[in-house]
Amino acid sequence: MSRRVGPPHVVNIHDLRRLARRRLPRVVFDYIDGGADAEVTLRANCSAFESIVFRPRSGVRLASADLSVTVLGQKLALPVILAPLGSSRMFWPRGEAVASKCAGQAGTAYVLSTLSGTPMEEVRAASSGPCWYQLYLVGGRDVAVAAIARAKAAGYTALVVTVDTPVAGNRERDARNRSKDLLSTSPARLLAAMPQILARPRWLLDLVTDGGLMSFPNVMLPGGPMGYAEVGAALEQSVVDWADLKWIRELWDGPIVIKGIHTDDDARRAVDAGARAIVVSNHGGRQLDGVAATLRVLPEVVRAVGDSVEVLMDGGIRRGRDVVKARCLGARAVLIGRAYAYGLGAAGEAGVARAIDIIRSDLVRTLKLLGCPSLDALDRSFVSTDAPF
Ligand code: FNR
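Residues numbered from 1 in each chain as written. Predicted model: local features only at pLDDT ≥ 70, side-chain atom pairs only at ≥ 80, totals over all residues. Heavy atoms only, no water.

## Here we look at the site of the ligand
Around the ligand, the surrounding shell holds 22 residues, and the nearest of these are Pro84, Ser113, Thr162, Asp314 and Gly316. Interatomic distance of 3.2 Å between a side-chain N/O atom of Gln134 and a nitrogen atom of the ligand. Bound to the protein, the ligand loses 98% of the 600 Å² it would expose on its own. Class assignment of the residues belonging to the shell around the ligand gives a composition of seven nonpolar, 10 polar and five charged. (Near = heavy atom within 4 Å. Polar contact = N/O pair within 3.5 Å; in protein donor to acceptor, adjacent residues only side chain to side chain. Areas by Shrake-Rupley, 256 points an atom, 1.4 Å probe, with all protein chains shown as cover. Nonpolar A, V, L, I, M, F, W, Y, C, P; charged D, E, K, R; others polar.)

## Thoughts on the side chain of Arg354
Within the fold, Arg354 resides in helix H16 (residues 338-370). Residue Arg354 is classed as buried on the basis of its relative accessible area, which comes to 10%. (Helix = DSSP H or I, 4+ residues; strand = E, 2+ residues; numbered from the N terminus. Buried < 20%, exposed > 50% of the residue type's maximum accessible area, 1.4 Å probe, protein only.)

## A word on the packing of aromatic side chains
Inspection of every chain in the model, using the stated rule, returns four aromatic pairs. A cation over an aromatic ring shows up here: Arg57 above the ring of Phe382, its NZ or CZ 3.8 Å from the ring centre. Sitting above the plane of the Phe54 ring, Lys325 keeps its charged end 4.9 Å from the centroid. (Phe/Tyr/Trp six-rings, centres within 6.5 Å; stacked < 30°, edge-to-face > 60°. Lys NZ or Arg CZ within 6 Å of the ring centre and 35° of its normal.)

## Points about the pattern of salt bridges
The full count for this structure, using the stated rule, is 24 salt bridges. Residues Asp33 and Arg17 are paired through a salt bridge, measuring 2.9 Å at the closest nitrogen-oxygen approach. Within this pair, whereas Asp33 is found in helix H2 (residues 26-33), its partner Arg17 is found in helix H1 (residues 13-23), the two being separated by 16 residues in sequence. Across the pair Arg321 and Asp322 runs a salt bridge whose closest N-O atoms are separated by 3.0 Å. Salt bridges linked by common partners bring Arg17, Asp30, Asp33, Glu39 and Arg173 together as one network. (Salt bridge = Lys/Arg side-chain N within 4 Å of Asp/Glu carboxyl O.)

## Remarks on the packing of H1 against H16
Think of two packed helices as two axes; the pair is described by the angle between the axes and how far apart they sit. Contact geometry of H1 with H16 gives a least axis separation of 10 Å together with a crossing angle of 170 degrees. Regarding the angle of H1 to H16, the classification is roughly antiparallel. Within the contact between the two elements, H1 uses Ile13, Leu16, Arg17, Leu19, Ala20 and Arg23 and H16 uses Ala339, Tyr342, Gly343, Gly345, Ala346, Gly351, Ala355, Ile358 and Ile359. Taken together, the residues of the contact of H1 with H16 sort by class into 10 nonpolar, three polar and two charged. (Axes fitted to C-alpha atoms, helices over the stretch in contact; angles between N-to-C directions. Parallel < 35°, antiparallel > 145°, perpendicular 65-115°, else oblique. Contact = heavy atoms within 4.5 Å.)

This is a description of form; function is not addressed.
Next up, the structure:
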(Lines give C-alpha, C1' and ligand atoms only; values in the text may rest on other atoms or scores of the structure.)
Protein backbone atom coordinates (compact mmCIF):
# COMPACT_ATOMS: atom_id res chain seq x y z
CA MET A 1 0.00 0.00 0.00
CA SER A 2 1.26 3.46 -0.85
CA ARG A 3 2.22 5.28 2.35
CA ARG A 4 0.16 8.32 1.39
CA VAL A 5 -3.13 6.41 1.31
CA GLY A 6 -2.39 4.20 4.30
CA PRO A 7 -2.80 4.92 8.01
CA PRO A 8 -2.50 7.34 9.74
CA HIS A 9 -3.50 9.59 6.82
CA VAL A 10 -6.23 7.40 5.39
CA VAL A 11 -8.24 5.20 7.72
CA ASN A 12 -11.66 5.63 6.13
CA ILE A 13 -13.42 6.81 2.97
CA HIS A 14 -13.79 10.35 4.34
CA ASP A 15 -9.99 10.59 4.43
CA LEU A 16 -9.85 9.68 0.73
CA ARG A 17 -12.48 12.36 0.10
CA ARG A 18 -10.28 14.91 1.87
CA LEU A 19 -7.27 13.94 -0.28
CA ALA A 20 -9.35 14.04 -3.46
CA ARG A 21 -10.50 17.55 -2.59
CA ARG A 22 -6.86 18.56 -2.21
CA ARG A 23 -5.74 17.15 -5.59
CA LEU A 24 -8.73 17.89 -7.84
CA PRO A 25 -9.92 21.28 -9.12
CA ARG A 26 -13.12 22.36 -7.41
CA VAL A 27 -15.18 21.78 -10.55
CA VAL A 28 -14.08 18.13 -10.74
CA PHE A 29 -14.30 17.44 -7.00
CA ASP A 30 -17.81 18.91 -6.84
CA TYR A 31 -18.87 16.92 -9.91
CA ILE A 32 -18.08 13.79 -7.90
CA ASP A 33 -19.19 14.97 -4.48
CA GLY A 34 -22.34 16.92 -5.32
CA GLY A 35 -25.95 16.02 -5.93
CA ALA A 36 -29.07 17.54 -7.43
CA ASP A 37 -30.79 20.72 -6.23
CA ALA A 38 -30.69 21.04 -2.42
CA GLU A 39 -28.91 17.65 -2.10
CA VAL A 40 -31.61 16.34 0.24
CA THR A 41 -31.53 12.86 -1.28
CA LEU A 42 -27.73 12.84 -1.40
CA ARG A 43 -27.63 13.36 2.38
CA ALA A 44 -30.58 11.04 3.03
CA ASN A 45 -28.83 8.15 1.24
CA CYS A 46 -26.04 8.31 3.82
CA SER A 47 -28.07 9.13 6.90
CA ALA A 48 -30.52 6.28 6.28
CA PHE A 49 -27.73 3.89 7.24
CA GLU A 50 -27.43 5.66 10.61
CA SER A 51 -31.10 5.20 11.36
CA ILE A 52 -31.03 1.43 11.61
CA VAL A 53 -29.09 -0.30 14.35
CA PHE A 54 -27.46 -3.69 14.72
CA ARG A 55 -28.59 -6.54 16.98
CA PRO A 56 -25.37 -8.53 17.42
CA ARG A 57 -25.03 -12.06 18.78
CA SER A 58 -22.27 -12.07 21.36
CA GLY A 59 -20.06 -14.92 22.51
CA VAL A 60 -19.68 -16.37 19.01
CA ARG A 61 -16.24 -17.62 17.94
CA LEU A 62 -15.59 -17.14 14.21
CA ALA A 63 -12.28 -17.95 12.55
CA SER A 64 -13.20 -16.24 9.29
CA ALA A 65 -16.07 -14.52 7.55
CA ASP A 66 -17.13 -15.56 4.07
CA LEU A 67 -17.75 -12.50 1.89
CA SER A 68 -18.29 -14.24 -1.43
CA VAL A 69 -21.52 -13.86 -3.35
CA THR A 70 -22.86 -14.96 -6.72
CA VAL A 71 -24.28 -12.23 -8.92
CA LEU A 72 -25.63 -13.00 -12.40
CA GLY A 73 -24.07 -16.45 -12.10
CA GLN A 74 -20.60 -15.03 -11.44
CA LYS A 75 -18.86 -15.56 -8.13
CA LEU A 76 -17.55 -12.33 -6.62
CA ALA A 77 -15.10 -12.24 -3.72
CA LEU A 78 -17.12 -9.52 -2.02
CA PRO A 79 -20.64 -8.11 -2.43
CA VAL A 80 -19.38 -4.72 -3.59
CA ILE A 81 -19.37 -3.79 -7.29
CA LEU A 82 -17.80 -0.64 -8.75
CA ALA A 83 -20.64 1.54 -10.11
CA PRO A 84 -20.55 3.31 -13.50
CA LEU A 85 -19.11 6.81 -13.13
CA GLY A 86 -19.14 9.07 -16.17
CA SER A 87 -15.96 11.03 -16.93
CA SER A 88 -13.73 9.02 -14.57
CA ARG A 89 -10.84 9.92 -16.84
CA MET A 90 -11.11 13.47 -15.52
CA PHE A 91 -10.39 12.15 -12.00
CA TRP A 92 -7.17 10.32 -12.95
CA PRO A 93 -5.41 9.43 -16.23
CA ARG A 94 -7.26 6.54 -17.90
CA GLY A 95 -9.39 6.41 -14.74
CA GLU A 96 -11.83 3.80 -16.03
CA ALA A 97 -9.05 1.29 -16.80
CA VAL A 98 -7.43 1.98 -13.42
CA ALA A 99 -10.71 1.33 -11.60
CA SER A 100 -11.52 -1.84 -13.57
CA LYS A 101 -8.03 -3.19 -12.81
CA CYS A 102 -8.60 -2.63 -9.08
CA ALA A 103 -12.02 -4.31 -9.23
CA GLY A 104 -10.46 -7.34 -10.91
CA GLN A 105 -7.67 -7.51 -8.35
CA ALA A 106 -10.27 -7.46 -5.58
CA GLY A 107 -12.25 -10.24 -7.30
CA THR A 108 -15.27 -8.12 -8.10
CA ALA A 109 -17.05 -6.56 -11.07
CA TYR A 110 -16.62 -3.13 -12.65
CA VAL A 111 -19.38 -1.32 -14.51
CA LEU A 112 -18.23 0.97 -17.33
CA SER A 113 -20.36 4.03 -18.06
CA THR A 114 -21.27 4.91 -21.64
CA LEU A 115 -19.94 8.37 -20.77
CA SER A 116 -16.37 7.26 -20.23
CA GLY A 117 -13.11 8.64 -21.50
CA THR A 118 -11.30 5.34 -22.07
CA PRO A 119 -12.14 2.92 -24.91
CA MET A 120 -14.20 0.00 -23.65
CA GLU A 121 -11.75 -2.59 -25.01
CA GLU A 122 -8.89 -1.10 -22.99
CA VAL A 123 -11.02 -1.03 -19.83
CA ARG A 124 -12.05 -4.67 -20.32
CA ALA A 125 -8.45 -5.74 -20.90
CA ALA A 126 -7.29 -4.03 -17.70
CA SER A 127 -9.40 -6.25 -15.44
CA SER A 128 -9.05 -9.91 -14.53
CA GLY A 129 -12.66 -9.90 -13.26
CA PRO A 130 -16.09 -9.41 -14.79
CA CYS A 131 -16.92 -6.13 -16.54
CA TRP A 132 -20.46 -4.91 -17.29
CA TYR A 133 -21.37 -2.16 -19.73
CA GLN A 134 -23.77 0.61 -18.67
CA LEU A 135 -25.92 1.90 -21.49
CA TYR A 136 -27.26 5.39 -22.13
CA LEU A 137 -28.85 6.10 -25.47
CA VAL A 138 -26.68 9.16 -26.11
CA GLY A 139 -26.23 9.72 -29.82
CA GLY A 140 -29.42 7.81 -30.61
CA ARG A 141 -30.39 4.24 -31.29
CA ASP A 142 -27.89 3.45 -34.07
CA VAL A 143 -24.99 4.58 -31.92
CA ALA A 144 -26.28 2.38 -29.07
CA VAL A 145 -26.72 -0.63 -31.36
CA ALA A 146 -23.06 -0.34 -32.40
CA ALA A 147 -21.93 0.10 -28.80
CA ILE A 148 -23.85 -2.98 -27.67
CA ALA A 149 -22.20 -5.09 -30.40
CA ARG A 150 -18.81 -3.67 -29.45
CA ALA A 151 -19.37 -4.43 -25.75
CA LYS A 152 -20.33 -8.00 -26.58
CA ALA A 153 -17.25 -8.48 -28.76
CA ALA A 154 -15.00 -6.96 -26.09
CA GLY A 155 -16.20 -9.46 -23.47
CA TYR A 156 -18.60 -7.49 -21.28
CA THR A 157 -20.85 -10.01 -19.56
CA ALA A 158 -23.87 -7.90 -18.58
CA LEU A 159 -25.64 -4.83 -19.88
CA VAL A 160 -26.71 -2.28 -17.28
CA VAL A 161 -29.51 -0.05 -18.55
CA THR A 162 -29.91 3.14 -16.54
CA VAL A 163 -33.52 4.34 -16.58
CA ASP A 164 -33.44 7.32 -14.22
CA THR A 165 -31.85 9.88 -16.54
CA PRO A 166 -34.47 11.37 -18.89
CA VAL A 167 -32.55 14.64 -18.43
CA ALA A 168 -29.42 15.46 -16.45
CA GLY A 169 -30.19 16.39 -12.85
CA ASN A 170 -29.83 20.00 -11.76
CA ARG A 171 -26.42 20.03 -10.09
CA GLU A 172 -26.17 23.48 -8.61
CA ARG A 173 -22.48 23.10 -7.75
CA ASP A 174 -21.63 22.59 -11.46
CA ALA A 175 -23.30 25.90 -12.31
CA ARG A 176 -21.56 27.74 -9.48
CA ASN A 177 -18.21 26.30 -10.62
CA ARG A 178 -18.82 27.56 -14.18
CA SER A 179 -18.40 24.04 -15.55
CA LYS A 180 -19.89 25.11 -18.90
CA ASP A 181 -17.60 28.15 -19.12
CA LEU A 182 -14.60 25.83 -18.99
CA LEU A 183 -15.72 24.45 -22.34
CA SER A 184 -16.57 27.83 -23.80
CA THR A 185 -14.92 29.34 -26.85
CA SER A 186 -15.37 32.80 -25.34
CA PRO A 187 -12.00 33.94 -23.89
CA ALA A 188 -13.76 36.03 -21.21
CA ARG A 189 -15.85 33.11 -19.91
CA LEU A 190 -12.88 30.76 -20.06
CA LEU A 191 -10.69 33.19 -18.18
CA ALA A 192 -13.25 33.58 -15.39
CA ALA A 193 -13.45 29.81 -14.92
CA MET A 194 -9.71 29.06 -15.11
CA PRO A 195 -8.33 29.97 -11.65
CA GLN A 196 -9.71 26.78 -10.04
CA ILE A 197 -7.87 24.72 -12.70
CA LEU A 198 -4.60 26.59 -12.32
CA ALA A 199 -4.82 26.09 -8.57
CA ARG A 200 -4.28 22.35 -9.11
CA PRO A 201 -1.10 22.13 -11.26
CA ARG A 202 -0.42 18.48 -10.42
CA TRP A 203 -3.84 17.43 -11.68
CA LEU A 204 -3.43 19.67 -14.73
CA LEU A 205 -0.11 18.08 -15.59
CA ASP A 206 -1.67 14.61 -15.31
CA LEU A 207 -4.52 15.71 -17.58
CA VAL A 208 -2.17 17.10 -20.21
CA THR A 209 0.07 14.02 -20.09
CA ASP A 210 -3.04 11.86 -20.54
CA GLY A 211 -3.94 13.67 -23.77
CA GLY A 212 -5.88 16.68 -22.47
CA LEU A 213 -9.64 17.06 -22.28
CA MET A 214 -11.25 13.65 -22.81
CA SER A 215 -13.84 12.79 -25.43
CA PHE A 216 -16.26 9.84 -25.32
CA PRO A 217 -14.67 7.02 -27.36
CA ASN A 218 -17.57 4.65 -26.64
CA VAL A 219 -20.09 7.03 -28.20
CA MET A 220 -19.06 6.85 -31.83
CA LEU A 221 -20.96 9.44 -33.88
CA PRO A 222 -20.67 9.52 -37.68
CA GLY A 223 -17.90 12.13 -37.36
CA GLY A 224 -15.95 10.32 -34.60
CA PRO A 225 -16.15 10.11 -30.79
CA MET A 226 -18.61 12.47 -29.10
CA GLY A 227 -16.87 15.58 -27.77
CA TYR A 228 -16.91 16.59 -24.12
CA ALA A 229 -18.95 19.73 -24.72
CA GLU A 230 -21.72 17.77 -26.45
CA VAL A 231 -22.72 15.64 -23.48
CA GLY A 232 -25.33 17.94 -21.94
CA ALA A 233 -27.40 18.23 -25.10
CA ALA A 234 -26.97 14.51 -25.88
CA LEU A 235 -28.27 13.47 -22.45
CA GLU A 236 -31.44 15.49 -23.02
CA GLN A 237 -32.29 13.16 -25.90
CA SER A 238 -31.11 9.89 -24.46
CA VAL A 239 -34.05 8.77 -22.34
CA VAL A 240 -34.54 5.01 -22.15
CA ASP A 241 -38.22 4.04 -21.84
CA TRP A 242 -39.76 0.64 -21.19
CA ALA A 243 -40.41 0.10 -24.90
CA ASP A 244 -36.69 0.45 -25.61
CA LEU A 245 -36.01 -2.53 -23.38
CA LYS A 246 -37.61 -4.74 -26.02
CA TRP A 247 -35.13 -3.95 -28.81
CA ILE A 248 -32.24 -3.85 -26.38
CA ARG A 249 -33.24 -7.33 -25.18
CA GLU A 250 -33.23 -8.58 -28.78
CA LEU A 251 -29.69 -7.30 -29.35
CA TRP A 252 -28.19 -8.47 -26.06
CA ASP A 253 -28.57 -12.14 -25.24
CA GLY A 254 -26.69 -11.89 -21.92
CA PRO A 255 -28.13 -10.69 -18.63
CA ILE A 256 -29.69 -7.23 -18.43
CA VAL A 257 -29.55 -5.17 -15.25
CA ILE A 258 -31.99 -2.27 -14.89
CA LYS A 259 -30.54 0.54 -12.79
CA GLY A 260 -32.56 3.33 -11.24
CA ILE A 261 -35.54 1.57 -9.59
CA HIS A 262 -37.32 3.54 -6.83
CA THR A 263 -40.66 1.77 -6.36
CA ASP A 264 -42.27 -1.67 -6.21
CA ASP A 265 -44.25 -0.93 -9.40
CA ASP A 266 -41.15 -0.19 -11.46
CA ALA A 267 -39.40 -3.21 -9.97
CA ARG A 268 -42.20 -5.45 -11.26
CA ARG A 269 -42.07 -3.68 -14.62
CA ALA A 270 -38.34 -4.38 -14.82
CA VAL A 271 -38.99 -8.07 -14.18
CA ASP A 272 -41.60 -8.07 -16.95
CA ALA A 273 -39.08 -6.37 -19.25
CA GLY A 274 -36.73 -9.33 -18.80
CA ALA A 275 -34.22 -7.96 -16.28
CA ARG A 276 -32.08 -10.55 -14.50
CA ALA A 277 -31.15 -7.99 -11.86
CA ILE A 278 -32.27 -4.55 -10.77
CA VAL A 279 -30.43 -1.78 -8.97
CA VAL A 280 -32.42 0.17 -6.42
CA SER A 281 -30.75 3.49 -7.08
CA ASN A 282 -31.44 7.22 -7.16
CA HIS A 283 -28.18 7.82 -9.03
CA GLY A 284 -26.49 8.80 -5.79
CA GLY A 285 -28.91 11.72 -5.29
CA ARG A 286 -27.86 13.29 -8.59
CA GLN A 287 -31.15 13.14 -10.48
CA LEU A 288 -34.54 13.78 -8.82
CA ASP A 289 -33.86 15.43 -5.49
CA GLY A 290 -36.45 14.62 -2.83
CA VAL A 291 -36.81 10.90 -3.54
CA ALA A 292 -36.38 8.55 -0.61
CA ALA A 293 -33.03 7.14 0.41
CA THR A 294 -32.41 3.88 -1.41
CA LEU A 295 -32.03 1.92 1.83
CA ARG A 296 -35.60 2.92 2.75
CA VAL A 297 -36.99 1.76 -0.62
CA LEU A 298 -35.10 -1.52 -0.63
CA PRO A 299 -37.53 -3.59 1.53
CA GLU A 300 -40.52 -2.51 -0.60
CA VAL A 301 -38.74 -3.60 -3.77
CA VAL A 302 -37.52 -6.89 -2.31
CA ARG A 303 -41.07 -7.70 -1.15
CA ALA A 304 -42.42 -6.90 -4.62
CA VAL A 305 -40.08 -9.07 -6.66
CA GLY A 306 -39.18 -11.92 -4.32
CA ASP A 307 -36.72 -14.28 -5.98
CA SER A 308 -37.74 -13.44 -9.54
CA VAL A 309 -34.78 -11.12 -10.00
CA GLU A 310 -31.54 -10.30 -8.17
CA VAL A 311 -31.87 -7.08 -6.18
CA LEU A 312 -28.82 -4.85 -5.94
CA MET A 313 -28.72 -1.36 -4.42
CA ASP A 314 -26.50 1.69 -4.30
CA GLY A 315 -26.41 5.13 -2.70
CA GLY A 316 -24.59 6.37 0.37
CA ILE A 317 -22.33 3.41 1.03
CA ARG A 318 -19.15 4.61 2.70
CA ARG A 319 -18.39 1.74 5.11
CA GLY A 320 -18.52 -2.05 5.20
CA ARG A 321 -21.11 -1.62 7.93
CA ASP A 322 -23.45 -0.05 5.34
CA VAL A 323 -23.04 -3.05 3.03
CA VAL A 324 -24.03 -5.35 5.89
CA LYS A 325 -27.16 -3.31 6.62
CA ALA A 326 -28.16 -3.41 2.94
CA ARG A 327 -27.70 -7.19 2.96
CA CYS A 328 -29.86 -7.48 6.08
CA LEU A 329 -32.65 -5.64 4.27
CA GLY A 330 -32.47 -7.93 1.24
CA ALA A 331 -29.83 -6.65 -1.21
CA ARG A 332 -27.76 -9.39 -2.78
CA ALA A 333 -24.88 -6.99 -3.39
CA VAL A 334 -24.26 -3.25 -3.54
CA LEU A 335 -22.60 -0.83 -5.92
CA ILE A 336 -20.29 1.88 -4.68
CA GLY A 337 -19.78 5.13 -6.57
CA ARG A 338 -18.24 8.00 -4.65
CA ALA A 339 -16.44 5.69 -2.21
CA TYR A 340 -14.06 4.62 -4.97
CA ALA A 341 -14.24 7.89 -6.94
CA TYR A 342 -12.65 9.68 -3.99
CA GLY A 343 -9.88 7.08 -4.01
CA LEU A 344 -9.36 7.50 -7.76
CA GLY A 345 -9.26 11.28 -7.49
CA ALA A 346 -6.94 11.17 -4.48
CA ALA A 347 -4.32 8.68 -5.68
CA GLY A 348 -5.37 6.67 -8.74
CA GLU A 349 -4.82 2.92 -8.43
CA ALA A 350 -3.53 3.07 -4.85
CA GLY A 351 -6.59 5.11 -3.85
CA VAL A 352 -9.16 2.79 -5.43
CA ALA A 353 -7.42 -0.27 -3.99
CA ARG A 354 -7.41 1.40 -0.59
CA ALA A 355 -11.13 2.26 -0.83
CA ILE A 356 -12.01 -1.35 -1.59
CA ASP A 357 -9.69 -2.57 1.14
CA ILE A 358 -11.27 -0.29 3.74
CA ILE A 359 -14.74 -1.57 2.90
CA ARG A 360 -13.61 -5.18 2.78
CA SER A 361 -11.93 -5.14 6.18
CA ASP A 362 -14.92 -3.27 7.65
CA LEU A 363 -17.17 -6.01 6.31
CA VAL A 364 -15.16 -8.82 7.88
CA ARG A 365 -14.94 -7.05 11.22
CA THR A 366 -18.65 -6.18 11.24
CA LEU A 367 -19.66 -9.78 10.52
CA LYS A 368 -17.44 -11.02 13.35
CA LEU A 369 -18.77 -8.41 15.75
CA LEU A 370 -22.30 -9.42 14.78
CA GLY A 371 -21.50 -13.08 15.44
CA CYS A 372 -22.46 -13.94 11.87
CA PRO A 373 -20.27 -16.37 9.88
CA SER A 374 -21.19 -15.32 6.35
CA LEU A 375 -23.17 -12.92 4.21
CA ASP A 376 -25.64 -15.70 3.47
CA ALA A 377 -26.51 -15.92 7.16
CA LEU A 378 -27.42 -12.21 7.42
CA ASP A 379 -31.11 -11.37 7.72
CA ARG A 380 -33.53 -8.89 9.29
CA SER A 381 -32.90 -10.36 12.76
CA PHE A 382 -29.47 -8.67 12.83
CA VAL A 383 -30.92 -5.14 12.58
CA SER A 384 -33.62 -3.09 14.18
CA THR A 385 -35.35 -0.49 12.05
CA ASP A 386 -37.55 0.97 14.80
CA ALA A 387 -34.93 2.97 16.63
CA PRO A 388 -37.11 5.08 19.04
CA PHE A 389 -37.31 3.84 22.66
C1 FNR B 1 -22.60 8.58 -11.27
N2 FNR B 1 -23.61 7.67 -11.54
C3 FNR B 1 -23.79 7.21 -12.83
N4 FNR B 1 -24.71 6.23 -13.08
C5 FNR B 1 -24.89 5.74 -14.33
O6 FNR B 1 -25.70 4.86 -14.52
N7 FNR B 1 -24.11 6.24 -15.36
C8 FNR B 1 -23.19 7.21 -15.19
O9 FNR B 1 -22.53 7.62 -16.13
C10 FNR B 1 -23.03 7.74 -13.88
N11 FNR B 1 -22.12 8.73 -13.65
C12 FNR B 1 -21.85 9.13 -12.35
C13 FNR B 1 -20.82 10.02 -12.10
C14 FNR B 1 -20.50 10.36 -10.79
C15 FNR B 1 -19.37 11.29 -10.51
C16 FNR B 1 -21.24 9.82 -9.71
C17 FNR B 1 -20.90 10.14 -8.28
C18 FNR B 1 -22.28 8.95 -9.96
C19 FNR B 1 -24.37 7.06 -10.42
C20 FNR B 1 -23.58 5.87 -9.84
O21 FNR B 1 -23.50 4.82 -10.77
C22 FNR B 1 -24.22 5.34 -8.55
O23 FNR B 1 -25.58 5.08 -8.78
C24 FNR B 1 -24.06 6.30 -7.38
O25 FNR B 1 -22.78 6.88 -7.39
C26 FNR B 1 -24.27 5.57 -6.06
O27 FNR B 1 -24.20 6.45 -4.97
P28 FNR B 1 -22.85 6.68 -4.11
O29 FNR B 1 -22.21 5.34 -3.86
O30 FNR B 1 -21.99 7.56 -4.92
O31 FNR B 1 -23.36 7.35 -2.88
